Amino acid sequence: MVPEAEVQDVLAELQRLRARVPLLAGALTASTDGLVLAQDTPGVEAEGIAALTAAALGVALRMTEATGRGGFRELLVRGETGYVATYAAGSSAVLTLLAEDRINVGRLHLEGRRTSTRIGELVDAALQRMPQPAPAPHAPRPRTPPPGGPLPHRT
């Protein structure tokens, strides 16, 4: 999906984020359909988290639409021992952060939003530069009968 050079740039963003926010246990970027683009999630199965993020994103999108709150921006889940935060990252990716329960949630949002904006710019720019597939040849259209019904047949 995204060229390797941009994947390395996204991974570098994740690593810088984890260095700035020491109570982050992991960070990953995935496509909106659940494919891992880059991850820094020691001890966590990134593919499973990306798939769950895609499922949660689907529910979040429906909720924002149903309640008239506009497009998806972020989702925060709090468990007994920490947080999972997901942020929109451009038009086709998301940033998911795993944080310990002692984290300052305001700081988590501040850093998560900044990083998701940068990652979104990287991913969207990479996708725009990728060659677009050629359109599929059009299949011949089935002939439709003229107005007024089917043509009469001679018997």
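Heads up: the structure comes first, above all this text.
Rules used throughout
- Residues numbered from 1 in each chain as written.
- Predicted model: local features only at pLDDT ≥ 70, side-chain atom pairs only at ≥ 80, totals over all residues.
- Heavy atoms only, no water.
- Helix = DSSP H or I, 4+ residues; strand = E, 2+ residues; numbered from the N terminus.
- Expected span 1.5 Å × (residues − 1).
- Buried < 20%, exposed > 50% of the residue type's maximum accessible area, 1.4 Å probe, protein only.
- Arc of directions from axis to C-beta.
- Contact = heavy atoms within 4.5 Å.
- Core = buried A, V, L, I, M, F, W, Y, C linked by side-chain atoms within 4.5 Å.
- Pairing = 2+ DSSP bridges.
- Axes fitted to C-alpha atoms, helices over the stretch in contact; angles between N-to-C directions.

A.B. asks: So what exactly am I meant to see when it comes to helix 1 (residues 4-20) here?
C.D. replies: Because each turn of an α-helix spans 3.6 residues, side chains separated by three or four positions end up pointing in the same direction. Given a rise of 1.5 Å per residue, 17 residues ought to cover 24 Å, and the 24 Å separating the end C-alpha atoms of helix 1 matches this to within 8%. Those residues of helix 1 lying buried are Glu6, Val7, Val10, Leu11, Glu13, Leu14 and Leu17. Looking straight down helix 1, one finds its buried side chains confined to an arc of 155°; they lie on one side. Among the exposed residues of helix 1, those pointing more than 90 degrees away from its buried face are Glu4, Ala5 and Ala19. The secondary structure elements touched by the buried residues of helix 1 are strand 1 (24-31), strand 2 (36-40), strand 5 (93-100) and helix 3 (105-129).

A.B. asks: Where do I start with the nonpolar core in this structure?
C.D. replies: Counting residues in hydrophobic clusters, the biggest one holds 24 residues, and the most contacted among them are Leu24, Leu97, Ile103, Leu108, Ile119 and Val123. Among the secondary structure elements, those contributing two or more residues to this core are helix 1, strand 1, strand 2, strand 4 (82-89), strand 5 and helix 3. With five residues, the top contributor of residues to this core is helix 1. Leaving out residues up to four positions away in the same chain, leucine 24 has contacts with Leu17, Arg18, Leu97, Leu98, Ala99, Ile103 and Leu108. Judged by nonpolar contacts, the second largest core, of eight residues, contains Leu28, Ala30, Ala50 and Leu57.

A.B. asks: Got a minute to help me understand helix 2 (residues 46-66) in this structure?
C.D. replies: In a regular helix each residue adds 1.5 Å, so 21 residues correspond to 30 Å; helix 2 covers 30 Å between its end C-alpha atoms and thus fits that length. When helix 2 is considered as a whole, its buried residues turn out to be Ala46, Ala50, Thr53, Ala54, Leu57, Ala60 and Thr64. Projected down its long axis, helix 2 shows its buried positions confined to an angular sector of 135°, all on one face. Looking at helix 2, the residues exposed on the side facing more than 90 degrees away from the buried face are Leu52, Val59, Arg62, Met63 and Ala66.

A.B. asks: Quick question: what am I supposed to make of the environment of aspartate 40 here?
C.D. replies: Tracing the sequence through the fold places aspartate 40 in strand 2. The exposure class assigned to aspartate 40 is buried, which follows from its relative accessible area of 18%. Expressed as a C-alpha distance, the spacing of aspartate 40 and alanine 27, which sit 13 residues apart in the sequence, is 5.3 Å. Apart from the residues within four sequence positions on either side, aspartate 40 is in contact with Leu11, Leu14, Gln15, Arg18, Gly26 and Ala27.

A.B. asks: What exactly am I supposed to notice about the sheet that holds strand 4 here?
C.D. replies: In space, the five strands of this open sheet follow the order 2-1-5-4-3, with antiparallel pairing throughout. Whereas interior strands pair on both sides, the edge strands pair on one side only; in this sheet they are strand 2 and strand 3 (74-79). Direction aside, the axes of adjacent strands within the sheet are offset by 10° on average. With seven bridges connecting them, strand 1 and strand 5 associate as antiparallel partners. Among the inter-strand pairings, alanine 27 is bridged to a residue of strand 5, identified as leucine 97. Sheet strands touched by helix 1: strand 1, strand 2 and strand 5. Its angle to strand 2, the strand with the most contacts, is close to 30°.

That is the geometry; function is a separate question.
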